[in-house]
Amino acid sequence: MESTGVVVAFYVLSGLTILSALSVFLMRNMVHSLVFLVSVFLGMAGLFVTLSADFIAVAQILIYAGAISVLLVFAVMLTPLASRDNANSLYVGPGVILGGAIAAIVVFTAIDVEWNQLTGVALEERGFVSTIEMIGEQLLGRYVLAFEVASVLLLFALLGAIVLVTNRDEDDETADGDADEAATTGVAEDTV
Amino acid sequence: MTDQPLASTPASPPAGQPATPMAREIIARGSLLQDAKNVSVPLKAAGAVAGLVFLTVNAAIAYIVIDGRLDGEWYDFRDLGNAMARLRAELDDTSAGPWLSYWVTGLIGGVGILSFLGGFLLIGSWIERRMLARFQIRVGPDRVGPFGLLQPLADALKLMQKEVLTPIGADKALFLLPPVLVFIPAMLAWGPMPWAPNMSYLDINVGLLYVISITSLSVLAIWMAGWSSNNHYALLGAMRTVAMMVSYEIPISLSLIVVVLLTGSLNLGEIVAWQGEHNVWLGALLPFAMFTFFFSSTAEINRTPNDIAEAESEIVAGFHTEYSGMKAGLFLAVELGNALLVGALLATFFLGGYTAFGLEEWIPPYLILAAKAGFGYFLFIWLRGTLPRFKIDQLMNFAWKYLIPLSIANVLIVAVEASIAARWDVEGIFIYGSFAIVNLALTVFAVRAWAKVIGYTPDLEHPVGPRFASKIGGLEAAREIQGGT
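What counts and what doesn't
Residues numbered from 1 in each chain as written. Chains lettered and ligands numbered in written order. Predicted model: local features only at pLDDT ≥ 70, side-chain atom pairs only at ≥ 80, totals over all residues. Heavy atoms only, no water. Helix = DSSP H or I, 4+ residues; strand = E, 2+ residues; numbered from the N terminus. Expected span 1.5 Å × (residues − 1). Buried < 20%, exposed > 50% of the residue type's maximum accessible area, 1.4 Å probe, protein only. Contact = heavy atoms within 4.5 Å. Domains from an automatic or database assignment. Buried area = accessible area lost by both parts, 1.4 Å probe. Salt bridge = Lys/Arg side-chain N within 4 Å of Asp/Glu carboxyl O. Polar contact = N/O pair within 3.5 Å; in protein donor to acceptor, adjacent residues only side chain to side chain. Axes fitted to C-alpha atoms, helices over the stretch in contact; angles between N-to-C directions. Parallel < 35°, antiparallel > 145°, perpendicular 65-115°, else oblique. Left-handed = near helix turned anticlockwise from the far one by under 90°. Nonpolar A, V, L, I, M, F, W, Y, C, P; charged D, E, K, R; others polar. 1 Å grid on protein atoms, 1.4 Å probe; cavity = no way out; pocket = protein on both sides within 12 Å on 5 of 7 lines; lining within 4 Å. Points joined across faces, edges and corners; volume = space filled by probe spheres on them. Patch = residues over 30% accessible without salt bridge, like charges linked within 9 Å, V, L, I, M, F, W, Y side chains within 5 Å. Areas by Shrake-Rupley, 256 points an atom, 1.4 Å probe, with all protein chains shown as cover. Lys, Arg positive; Asp, Glu negative; His and termini not counted. Charge placed at Lys NZ, Arg CZ, Asp CG, Glu CD. Core = buried A, V, L, I, M, F, W, Y, C linked by side-chain atoms within 4.5 Å. pLDDT = per-residue confidence, 0-100.

Draft legend 1. Here's a closer look at helix 1 (residues 4-26) of chain A. Residues and elements named next belong to chain A. Taking 1.5 Å per residue, 23 residues should reach 33 Å; helix 1 reaches 33 Å between its end C-alpha atoms and fits that length. Restricting attention to buried positions, one finds in helix 1 the residues Leu-13, Ser-14, Thr-17, Ser-20, Ser-23 and Val-24. Buried positions along helix 1 lie against helix 2 (30-50).

Take a look at the structure:
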């Protein structure tokens, strides 16, 4: 059913993705890990393209490779240099267990579900227009509750971020008070 | 040597005598035009014949390839898109399978886009420098070739000759990658651009999302460049770029959502076709969205009102401070190419793309798009010659406090309008004309009202005393130095 191009692309992309994913935790340098993580995201997007899921692929690039990775960039750049080492972590044991569990779930689902494979005419008979329209109709029709819950959650996250960074008046007062204290105690007089 | 002609110096040289030895040398060198005039007549004739033969061969090839040898219909050069569609259909019919048509059309389209972009890179920096010189009442590069047209070529040759250095302490692998990586999004984003009906390289349903997502990828390459350079200025520039791009992606996305709401499609070709069908440019319907897109794009591609990422007077050259030779040249080339790309996107989304009120029947549509993209590029040059640079806090405030709230309000308004347009069965010109007037009025009103509510007040923005410095005892030290208590 699949042409050779798709098969070749699948193997190349999955090889790239798996190697990059391995490198994410084998690299000693956190920044290198981050770069490989982006490569994982891009490889995943490529895999989605080979599955004709164009919207998911583009959303993957937009959200993961474009936004999440920038978030991680800030996270890495704001951590002190000494902790920017990927060498060992407390969470290796739980991480392995959790990862294995997730992989088991995914494999089980992939084997257990009877996948519908429709192409060309069979798809059109079922009223399929394009992925993006189908996703839109499903999101605002059948799964509208989940959609609304997700948007409310995101709104709360946004508000939380704004609340966290808002410069409150009390902060200013305490900062000034500290400055006054520092001025009165005169720590710097002993130095120099 | 400066760009200024060495005409008159106060030392009053004898009349008709050049002032300095170097000026004498330059005048004695002779120009390209004189060289061309000195060519003997038979050689000129031979050249003319060769040129004519070359043109004839080209025309014949074009006739055979484009013209209706395929099905007997006449395709002239205006119908390149339809000719390509016909070619693809023919290739699909052959027994070789779909891969042949993909290969052939992909090759033709890729070479076409690359050559357009390459041609622009060859001429773009010359255009920019000459126009900037015009704005600043200078001459600009006018020595290399006729009108200085070969200046970009000379610059490129110079950059190629220069040594490519890697600073000590740089992260070698990460330092190597960014000049290449930054090129990839700049190329890929040209994919879904519709050049004519039936003529876009990637005719995908998620074209608009694709453009947004691909252009957001260049952040990472820039960050990698800044981080791996092991240079404070480079890192500062890179982090500025990252913060700025992340902030300004939101207004860009919001302004493009508005386009999608009105046209009902994410396909760039269908967006342009909608504008052609209704004989309206979306820029007239959505003035605020167009302004937001244009202004935010200047931040995305580091053009002048927002070019703090590589502010020469503050942090040398920003994220590519440590790059030399052709690596730096690649960054500069990407910057140029991105300016044209944003011009083309602006034309596609807001200025009618390849349509121009029926003119596309007479002029090749891809030339119309190229002209509009060039107009966008000219706007960028104009801004660069006119506006000063923003500070980083002004820039961030402008994105988060002005553009994003107003864009959200804009989305709400246009959503209402789109539902009205979908429900009412009125003549398009009335409904869209009223939308244009309403939107313009609302934009002016909203911008003024919002600016009154949270106008930029510098006194509140700046701290009265040094907070951090006082915490670590810097204030005391400063007082001591000043000879105070």
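Draft legend 2. Representation of the domain arrangement of chain B within the structure. Residue and element names in this part refer to chain B. If you check the domain split of chain B, you get domain 1 (38-155) and domain 2 (164-426). When each unit is reduced to the centre of its C-alpha atoms, the spacing between domain 1 and domain 2 is 26 Å. Roughly 2200 Å² of surface becomes buried between domain 1 and domain 2 when both sides are summed, with 77% attributable to carbon and sulfur atoms. Taken together, the connections running from domain 1 to domain 2 amount to 1 salt bridge. With a closest N to O distance of 2.5 Å, Glu-128 and Arg-384 form a salt bridge. Our enumeration of links across domain 1 and domain 2 arrives at 4 residue pairs in polar contact (both at pLDDT 80 or more).

Draft legend 3. Broad picture of the packing of helix 2 of chain A against helix 11 (residues 218-228) of chain B. Interhelical geometry of helix 2 of chain A versus helix 11 of chain B gives an angle of 165 degrees and a closest axis separation of 12 Å. As summarised for this structure, helix 2 of chain A and helix 11 of chain B are arranged roughly antiparallel, according to the angle between their axes. Seen along the crossing, helix 2 of chain A lies across helix 11 of chain B with a hand that is left-handed. Each of Val-31, Leu-34, Val-35 and Val-38 of chain A in helix 2 of chain A lies in contact with helix 11 of chain B, whose residues at this interface are Leu-220, Trp-223, Met-224 and Trp-227 of chain B.

Draft legend 4. Structural detail: the packing of helix 11 of chain B against helix 12 (residues 232-263) of chain B. Residue and element names in this part refer to chain B. Between helix 11 and helix 12, the shortest axis-to-axis distance is 7 Å and the interhelical angle comes to 165 degrees. The angle between helix 11 and helix 12 places the two elements in the roughly antiparallel class. Helix 11 and helix 12 meet at a crossing whose hand is left-handed. Taken together, the residues of helix 12 that come into contact with helix 11 (itself represented by Ser-218, Val-219, Ile-222, Trp-223, Gly-226 and Trp-227) are Ala-234, Leu-235, Ala-238, Met-239, Thr-241, Val-242, Met-245 and Glu-249. Residues of the contact of helix 11 with helix 12, tallied by class, amount to 10 nonpolar, 3 polar and 1 charged.

Draft legend 5. Inspection of helix 12 of chain B at higher detail. Residue and element names in this part refer to chain B. End to end, helix 12 covers 46 Å across 32 residues, agreeing with the expected 46 Å (1.5 Å per residue, within 8%). Where helix 12 begins, one side-chain oxygen reaches toward the backbone nitrogen of Tyr-233, 2.7 Å away; that side chain belongs to Asn-231. The positive-phi residue at the C-terminal boundary of helix 12 is Gly-264, with phi of around 70 degrees.

Draft legend 6. A look at empty space enclosed by the protein. Residues and elements named next belong to chain B. Counted by the stated rule, this structure contains 3 cavities of 30 Å³ or more. Quantified by volume, the largest cavity comes out at close to 390 Å³. Lining the largest cavity are 27 residues, and of these Thr-215, Ser-218, Glu-300, Ile-301 and Asn-338 lie nearest its centre. Every element with two or more residues in the lining of the largest cavity is listed here: helix 9 (183-188), helix 10 (207-215), helix 11, helix 12, helix 15 (287-300) and helix 17 (325-350). For the lining of the largest cavity, the element with the most residues is helix 17, which contributes 7 residues.

Draft legend 7. Here's a closer look at a negative patch on the surface. A cluster of like negative charges, contributed by Glu-133 and Glu-137 of chain A together with Asp-203 and Glu-270 of chain B, occupies part of the molecular surface. Inspection of the secondary structure assignment puts Glu-137 of chain A in helix 6 (residues 131-140). Glu-137 of chain A sits in the exposed class, given a relative accessible area of 53%.

Draft legend 8. Representation of the nonpolar core. In terms of nonpolar packing, the biggest core is built from 103 residues, with Trp-223, Leu-285, Leu-286 and Phe-350 of chain B touching the most fellow members. Top contributing element to this core by residue count: helix 17 of chain B, with 15 residues. Not counting residues up to four positions away in its chain, the partners in contact with Trp-223 of chain B are Val-31, Leu-34, Val-35, Val-73 and Met-77 of chain A together with Ala-238, Met-239 and Val-242 of chain B. Met-244, Ala-299, Leu-403 and Leu-406 of chain B belong to the second-largest nonpolar core, a separate cluster that totals 11 residues.

Draft legend 9. Local environment of the confidence of the model for chain B. Confidence in the prediction for chain B averages 79 pLDDT; 83% of positions are at 70 or higher. Under the prediction, the complex receives an ipTM of 0.79, its pTM being 0.76.

Draft legend 10. Examining the pattern of salt bridges more closely. Residue and element names in this part refer to chain B. All told, the structure shown has 2 salt bridges over all chains when counted by the stated rule. Here Asp-155 and Arg-129 are joined by a salt bridge, their closest N and O atoms 3.2 Å apart. Highlighted residues: Asp-155 in helix 6 (residues 151-161) and Arg-129 in helix 5 (residues 98-135), separated in sequence by 26 residues.

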